[in-house]
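Inside the fold
Below, each chain spelled out in residue letters.
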Amino acid sequence: MVQLVGSLRRELAESLSTCKVLVVGAGGIGCELLKNLVLTGFKNIEVIDLDTIDVSNLNRQFLFQKKHVGKSKAQVAKESALQFCPSANITAYHDSIMNPDYNVEFFRKFMLVMNALDNRAARNHVNRMCLAADIPLIESGTAGYLGQVTVIKKGMTECYECQPKPTQKTFPGCTIRNTPSEPIHCIVWAKYLFNLLNTYSSRIHNIVSRERHFRSGQLFGEEDADQEVSPDTADPEAAWNPEDTAARATASEKDGDIKRVSTKEWARSTGYDSVKLFNKLFKDDIMYLLTMDKLWKKRKAPIPLDWQQLENMRPQEESPASGLKDQQVLGVWGYCQLFQHSVETLRLQLQEKGEGSELVWDKDDPPAMDFVTAAANLRMHIFSMNMKSRFDVKSMAGNIIPAIATTNAVIAGLIVLEGLKILSGELESCRTIFLNKCPNLRKKLLVPCILDPPSANCYVCASKPEVTVKLNVQKTTVLSLQDRILKERFGMVAPDVQIEDGKGTILISSEEGETEANNNKFLGDFGIRNGSRLQADDFLQDYTLLINVLHTEELERDVEFEVVGEAPDKAPPPQNNQEEVNSITNGNKDSAQPSTSSKGELSSHHFHLCLFPILDSVSCHAWPLNEAVNLTSAKINKEQTSPNLHNFMNLWREIKLDVQ
């Protein structure tokens, strides 16, 4: 007869009280998960999170209260969870899981790792650490009404990186600076602009108003050379003559007194005068853009704004707008006033911080959000776009994905259920489970799918990970290889790279100072050419990747490299004579069957193909939802998959409308 402790078998209950688990993330899912774990009977838990509690977290991260704002999420989550079960042993780390202190040996002391993360870099890292330590990982994510849970076990299932993930959406610099065509372009520009008044200086100089300042900088935060905001004079589409343009730009420049200083420096010298800033950004720079004739042959030309003219034409009395304040769209003069007020407020904040200080943009900081809202909307008006409410701008500027407490609660519960299967020795009964907004054809919101085996082409969990990277060896620097390719694209933390040239030439060393002299040299300077092979090792992740170099001079503009050695996006081979199966009941071993049938049911592979990468990208703030829909549709058409996938697409379209 089976002996029970509560609702669990005695053997399982005893296992829970002795096993040690790691929870990575103490946010929306993490709070629910920590509570579930202690109430289920887990006694030894370690939780890690680098973040601190913000007011915006309080509506769904219920372990936190207003008095906790500014404190460590991990520490407060521990203290709150202990109130449910004071006998639990919980260790909290206010730190990044990517810190080298949390090495493979650290991971090996756990029986189970549970991810409750919201960014891809950390997910990739934990995935590799669990593979290296051979520890089961339960991965999860939510986005609005949608959610997913899956189990990853080395050698048995796909790892997190087996399926290609869509890359983060970026915009060419010339689009942001010269030819914005969508509101998001203007919002990105405004966020770049925020960093332009970088360092406060008590030295305020008079400046001749006719001085031109074409170089960009950032206003209130840390300066970044990649975040230019002034007109891009190197835009190849413009094909203009700078000398001719400068002569025609404005009457104030006829004397040739064109002083090229950074906007940061210029703005500081004006005392952050909001009117001068306004005319520089929304009048002078726009007039300068108009001189690039070729840009406007097939586009509607922008219309400059002049503060004095707008002030003279301002309405005497503006009727109060209806609806919530954040959801109102102001008029042009309303955004002019908001711009002026926000600049003055931010200037005072900088002055209070003192010499050498800077501000960090935060979507929850009212003056910073006012500045971006005003600047973005004025630019939208100039380029003939419909202006947006503060709520809409905040959603796009902060990459906000709707977070619903109920979704987090459901997913956290599913994580624990999958964990109980693993600790019961029933790994084969674990499933990838998708939470949908609407019931599927079988009237189920939860759709479990059998776990897929590892991909033979995965560049992480394959027996010998290998990729081919297409790049220009005469233009790609060693630093770009390290930061853009190895760290950003392939998720390494501290890579060491040697050239397979028979000499074992060290190109990159993770030891500080050893190879810094190589950073600005091109790969071709080291004899790397078409067909060369590089071996990249990350000893923290216990991970080795072989890179085949494919030299090319035909990459598209603004593309530094292409990865051509990934697993192809192909549908699984047809399975003949497959018996129709019953629906899966989550957690019921007897009824657990593959979710693929001869009558067009969705396979786990198709769910991974169409939803898991999409949901992950949306949940980690990397990809607009409408692009997720477009990609899924394209894959359906390309692969000619089962008709029921079109029902799946209809669901995505409904979600898109609801979320947006």
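Fair warning: this is a prediction, and the values are worked out from it, not measured in the lab.

Rules behind the numbers
The residue numbering used here restarts from 1 in each chain and proceeds along that chain's sequence as written. Totals for whole chains, interfaces and linings use all residues, but because this is a predicted model, local features are given only for residues with pLDDT of at least 70 and pairs of side-chain atoms are given and counted only at 80 or more. The basis for every side-chain value is the complete set of non-hydrogen atoms in the structure, without hydrogens or water. Under the scheme used here, helices are H or I runs from DSSP no shorter than 4 residues and strands are E runs no shorter than 2 residues, and both carry numbers assigned from the N terminus. A 1.4 Å probe rolled over the protein chains alone gives each residue an accessible area, and that area as a share of the maximum for its type sets the label: buried under 20%, exposed over 50%, partly exposed in between. Contacts were defined at the residue level, with two residues in contact if any of their heavy atoms lie within 4.5 Å. Reported accessibility uses the Shrake-Rupley method at a 1.4 Å probe radius. Residues are deemed covered only where the shown protein chains occlude them. Geometry of aromatic contacts follows a simple scheme: Phe, Tyr and Trp rings, the Trp one being its six-membered ring, pair when their centres are within 6.5 Å, and the pair is stacked under 30 degrees between planes, edge-to-face over 60, tilted otherwise. Whether a charge sits over a ring comes down to the Lys NZ or Arg CZ being within 6 Å of the ring centre and within 35 degrees of the ring normal. Think of a salt bridge as a Lys or Arg side-chain nitrogen and an Asp or Glu carboxyl oxygen that are within 4 Å of each other. By definition, no residue in a patch forms a salt bridge, and every one has over 30% relative accessible area; like charges are joined within 9 Å, nonpolar side chains (Val, Leu, Ile, Met, Phe, Trp, Tyr) within 5 Å. What makes a nonpolar core is a set of buried Ala, Val, Leu, Ile, Met, Phe, Trp, Tyr and Cys residues whose side-chain atoms join them at distances within 4.5 Å. UniProt positions are given in the numbering used here, feature names are shortened, and annotations may be inferred rather than shown by experiment. For two strands to be treated as a pair, DSSP must find no fewer than two bridges joining them. Note on geometry: axes are lines fitted to C-alpha atoms, helical ones only across the stretch in contact, with angles between N-to-C directions running from 0 to 180 degrees. Taken from the helix axis, the directions to the C-beta atoms give the arc we talk about. If an angle is under 35 degrees, it is roughly parallel; if it is over 145, roughly antiparallel; if it lies from 65 to 115, roughly perpendicular; otherwise it is oblique. When the near helix sits turned anticlockwise from the far one by under a right angle, the crossing is termed left-handed; a clockwise turn instead gives a right-handed crossing. Confidence of the predictor in every single residue is expressed as pLDDT, which spans 0 to 100.

What follows covers the overall build of the protein chain. Secondary structure assignment for the protein chain yields 20 helices and 18 strands. In the protein chain, which comprises 660 residues, the proportion classed as buried is 52%. The long-range fraction of contacts in the protein chain, counting pairs at least 24 apart against all pairs at least 6 apart in sequence, stands at 70%. Carbon and sulfur atoms form 47% of the exposed surface of the protein chain, whose accessible area is close to 31100 Å².

Another aspect to go through is unusual backbone geometry. Phi is positive for Asp 134, close to 60°, though the residue is something other than glycine. Positioned with a positive phi, Ser 384 is a non-glycine residue whose angle comes to about 60°. Mapped onto the elements of the fold, Ser 384 is located in the loop between α13 (366–382) and α14 (390–397).

Right, let's talk about the packing of aromatic side chains for a bit. Each aromatic ring pair is summarised here by two numbers: the centre-to-centre distance and the angle between the ring planes. Taken as a whole and assessed by the stated rule, the structure comprises 15 aromatic pairs. With a centroid separation of 5.1 Å and 55° between ring planes, the pair formed by Trp 307 and Trp 333 is classed as tilted. Of this pair, Trp 307 sits in helix α11 (residues 307–313) while Trp 333 sits in helix α12 (residues 332–353), and the two are 26 residues apart along the sequence. Judged by its relative accessible area of 5%, Trp 307 is buried. Aromatic rings pair up to connect Trp 189, Phe 194, Phe 278, Phe 282, Trp 307, Trp 333, Phe 339 and Phe 371 into one cluster. For Arg 379, the ring lying beneath its charged end belongs to Trp 189, and the centroid distance is 4.4 Å.

What follows deals with the pattern of salt bridges. The full count for this structure, using the stated rule, is 19 salt bridges. The partner of Asp 370 in a salt bridge is Arg 390, with the nearest N and O atoms 2.9 Å apart. Within this pair, whereas Asp 370 is found in helix α13, its partner Arg 390 is found in helix α14, the two being separated by 20 residues in sequence. Using a relative accessible area of 17% as the deciding quantity, one classes Arg 390 as buried. A salt bridge links Lys 470 to Glu 562; its shortest N-O distance comes to 3.7 Å. Note that Lys 470 is positioned in strand β13 (residues 466–471) and Glu 562 in strand β18 (residues 561–563), a separation of 92 residues in sequence.

Attention shifts here to a nonpolar patch on the surface. A surface patch of nonpolar side chains, about 280 Å² in accessible area, is lined by Leu 39, Phe 62 and Phe 84. Note that Leu 39 resides in helix α2 (residues 28–40).

Before going further, it helps to examine the nonpolar core. Among soluble globular proteins, nonpolar side chains are generally buried collectively. The biggest cluster of nonpolar side chains holds 53 residues, and the ones touching the most others in it are Leu 22, Ile 97, Phe 107, Val 113, Val 126 and Leu 507. Ranked by residues supplied to this core, first place goes to helix α5 (residues 120–133) with seven residues. For Val 113, the residues in contact, after removing those within four places along its chain, are Leu 22, Val 24, Phe 107, Val 126, Cys 130, Ile 135, Pro 136, Leu 137 and Ile 138. Membership of the second largest hydrophobic core comes to 51 residues, among which are Ala 267, Tyr 272, Ala 368 and Ile 382.

Here the focus is the UniProt feature "active site" (unreviewed entry) in the protein chain. UniProt feature "active site" (unreviewed entry): in the numbering of this structure it lies at Cys 174. Residue position: Cys 174 is located in helix α6 (residues 173–177). Cys 174 sits in the buried class, given a relative accessible area of 8%.

Our next topic: the sheet that holds β13. Ordered by their spatial adjacency, six strands build an open sheet running β15-β14-β16-β17-β13-β18, and the pairing between neighbours is mixed. Across the chains shown, the open sheet's two edge strands, defined by having one partner strand only, are β15 (505–508) and β18. Taking each pair of neighbouring strands and ignoring which way they run, the sheet shows an average axis angle of 30°. Sheet topology note: the strand β14 (residues 496–499)/β15 ladder contains three bridges and is antiparallel. In the strand pairing of β15, Ile 499 is matched with Thr 505. Across the sheet, helix α16 (residues 478–489) lies against β13, β14, β15, β16 (533–538), β17 (543–551) and β18, angled at about 70° from β15, the strand it touches most.

On to helix α1 (residues 10–18). Note: α-helices contain 3.6 residues per turn, so residues at a spacing of three or four share the same orientation. Taken together, the buried positions of α1 are Leu 12, Ala 13, Ser 15 and Leu 16. The arc enclosing the buried residues of α1, seen along the axis, measures out at 160°, which places them on a common side. Of the exposed residues in α1, the ones pointing more than 90 degrees away from its buried face are Glu 11 and Thr 18.

A word on the packing of helix α10 (residues 274–290) against α13. One way to put it is that α10 packs onto α13 with a least axis distance of 11 Å and a crossing angle of 25°. The angle between the axes of α10 and α13 places the two elements in the roughly parallel class. The two elements α10 and α13 meet at a crossing, and its hand is right-handed. Between α10, through Phe 278, Phe 282 and Ile 286, and α13, the contact on the second element is made entirely by Ala 375, Leu 378, Arg 379 and Ile 382.

Three or more residues of α14 are buried, namely Arg 390, Val 393 and Ala 397. Looking down the long axis of α14, one finds its buried residues gathered within 65° of arc, a one-sided arrangement. Residues of α14 that are buried sit in contact with α7 (183–194) and α13. Trailing α14 by a residue or two, Asn 399 shows a phi angle of about 50°, which is positive.

So, on to the sheet that holds strand β5 (residues 89–93). Sheet architecture is open: eight strands sit in the order β5-β4-β3-β6-β7-β8-β11-β12, paired in mixed fashion. Each edge of the open sheet is held by one strand with a lone partner, namely β5 and β12 (446–450). Neighbour-to-neighbour, the strand axes of this sheet turn through a mean angle of 15°, independent of strand direction. Relative to strand β7 (residues 137–143), strand β6 (residues 112–115) is paired through two bridges, and the arrangement is parallel. Paired with Met 114 across the bridge in β7 is Ile 138.

Should the pLDDT be low somewhere, the predicted coordinates at that spot are not to be read in detail. Confidence in the prediction for the protein chain averages 78 pLDDT; 72% of positions are at 70 or higher. Predicted confidence for residues 566–610 stays below pLDDT 50, and this span has 102 contacts to residues more than four positions away or in other chains. pLDDT under 50 marks residues 638–646. Its contacts with residues more than four places away, or in other chains, come to 22 contacts.

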